[in-house]
Amino acid sequence: MCGTDMCGSRKRVSPKTFLFRALVLQRWVWDQSLLPVLLPVSPFKRYLITRAVSGGVVRAAHGHGIGRHTKAEIMQIMEQDVRALSDFLGKKPFMMGEHPSEVDCAIFGMVGQMLWHMEGSPHQKLLKEELSNLVDFCVRMKEWYWPDWDKCITKPDKTKDD
């Protein structure tokens with residue numbers, strides 16, 4: 001998905017590279033509030049894992065280029081990219097037309113994270129308040145591939161004390 005088909009301030013939207021890396025920065029470096037759910041281990045183990053992973057994330061982001069921007073710039077570019085995805089989707093049920101494709105799966109993986117796993121984030125707010133077509137897209141993808149979604153998702157009761 002690139003070239004003139006994708007609208008926005010940047011000529012190319014690369015969700016597999018830029019948006020993915022920005023989401024990883026958000027999750028592991030800037031906002032670690034969901035890590036107890038993602039890493040249901042003792043606080044000490046979570047601290048060790050977080051320290052190891054977040055340093056690698058920062059180095060990888062810098063090497064990629066995204067890490068050379070400020071957090072505010074990255075957040076702004078992320079918003080522009082998500083708006084571009086919304087513009088590209090338009091009124092179509094899926095990115096490439098009437099049926100889901102590999103592109104839809106990649107987009108769903110990232111937009112679904114913003115929608116369902118970044119509670120209270122600016123990304124979630126943007127999706128819910130302004131980009132309802134992406135919310136509807138995520139629901140369609142979820143229903144198409146995972147009609148048993150609620151039975152399959154992990155819902156830990158509490159943090160394990162390993």
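Residues numbered from 1 in each chain as written. Predicted model: local features only at pLDDT ≥ 70, side-chain atom pairs only at ≥ 80, totals over all residues. Heavy atoms only, no water.

Here we take up the overall build of the protein. If you tally the helices and strands in the protein, you get eight helices and zero strands. Listing every helix and strand of the protein by position from the N terminus yields α-α-α-α-α-α-α-α. Here the protein holds 162 residues, and the buried ones make up 38% of them. Within the protein, counting contacts between residues at least 6 apart in sequence, those at least 24 apart form 68% of the total. (Helix = DSSP H or I, 4+ residues; strand = E, 2+ residues; numbered from the N terminus. Buried < 20%, exposed > 50% of the residue type's maximum accessible area, 1.4 Å probe, protein only. Contact = heavy atoms within 4.5 Å.)

Quick look at the nonpolar core now. If you look at soluble globular proteins, the nonpolar side chains tend to sit buried side by side. Judged by nonpolar contacts, the single largest core of 39 residues is most densely connected at Leu127, Leu134 and Phe137. When residues of this core are traced back to their parent elements, those giving at least two are helix H1 (15–30), helix H3 (43–64), helix H4 (71–89), helix H5 (102–116), helix H6 (122–130) and helix H7 (132–145). For this core, the element with the highest residue contribution is H4, accounting for eight residues. Residues contacting Leu134, with those up to four places away along its chain left out, are Val82, Leu85, Ser86, Leu89, Met95, Val111 and Leu127. (Core = buried A, V, L, I, M, F, W, Y, C linked by side-chain atoms within 4.5 Å.)

This part takes up the confidence of the model for the protein. Residues of the protein with pLDDT of at least 70 account for 84%, and the chain-wide mean is 84. Mean pLDDT per element in the protein: helix H2 (residues 35–38) is the minimum at 80, and H7 is the maximum at 96. For the stretch residues 1–11, pLDDT sits under 50, and the model shows 23 contacts to residues farther than four places along the chain or on other chains. (pLDDT = per-residue confidence, 0-100.)

With that out of the way, let us pick up the packing of aromatic side chains. Applying the stated criterion to the full structure yields seven aromatic pairs. Taking the centre distance of 5.4 Å and the plane angle of 55 degrees together, the rings of Trp116 and Trp149 count as tilted. Here Trp116 is found in helix H5, whereas its partner Trp149 is found in helix H8 (residues 149–152), with 33 residues between them in sequence. Judged by its relative accessible area of 18%, Trp149 falls in the buried class. Through successive ring pairs, a cluster of aromatic residues spans Phe108, Trp116, Tyr145, Trp146 and Trp149. For the cation-ring pair, Lys92 lies above Phe88, with the distance from its terminal atom to the ring centre recorded as 4.3 Å. Sitting above the plane of the Phe94 ring, Arg140 keeps its charged end 6.0 Å from the centroid. (Phe/Tyr/Trp six-rings, centres within 6.5 Å; stacked < 30°, edge-to-face > 60°. Lys NZ or Arg CZ within 6 Å of the ring centre and 35° of its normal.)

Time to look at H3. Taking 1.5 Å of rise per residue, 22 residues should cover 32 Å, and H3 covers 30 Å from first to last C-alpha, within 8% of that figure. Burial in H3 covers these residues: Arg46, Thr50, Ser54, Val57 and Ala61. For H3, the arc enclosing every buried residue in end-on projection is 65 degrees, short of the 170-degree limit, so these residues lie on one face. Of the exposed residues in H3, those oriented more than 90 degrees away from the buried face are Phe44, Arg51, Ala52, Arg59 and Gly63. (Expected span 1.5 Å × (residues − 1). Arc of directions from axis to C-beta.)

Next up on the list: the packing of H4 against H7. Two elements in contact, H4 and H7, have axes whose closest approach is 9 Å; the angle formed by their N-to-C orientations is 75 degrees. If you check the angle between H4 and H7, you find them roughly perpendicular. Residues Val82, Leu85, Ser86 and Leu89 of H4 pack against Asn133, Leu134 and Phe137 of H7. Its residues assigned to classes, the contact of H4 with H7 shows five nonpolar, two polar and no charged. (Axes fitted to C-alpha atoms, helices over the stretch in contact; angles between N-to-C directions. Parallel < 35°, antiparallel > 145°, perpendicular 65-115°, else oblique. Nonpolar A, V, L, I, M, F, W, Y, C, P; charged D, E, K, R; others polar.)

One pass over the structure, following the stated rule, counts two salt bridges. With a closest N to O distance of 2.9 Å, Arg83 and Glu79 form a salt bridge. Taken as a pair, Arg83 and Glu79 lie in helix H4 at a separation of four residues, close to a single helical turn. Notably, a salt bridge pairs Glu130 with Arg83, separated by 2.6 Å at the nearest N-O pair. Note that Glu130 is positioned in helix H6 and Arg83 in helix H4, a separation of 47 residues in sequence. Through salt bridges with shared partners, a single ionic network connects Glu79, Arg83 and Glu130. (Salt bridge = Lys/Arg side-chain N within 4 Å of Asp/Glu carboxyl O.)

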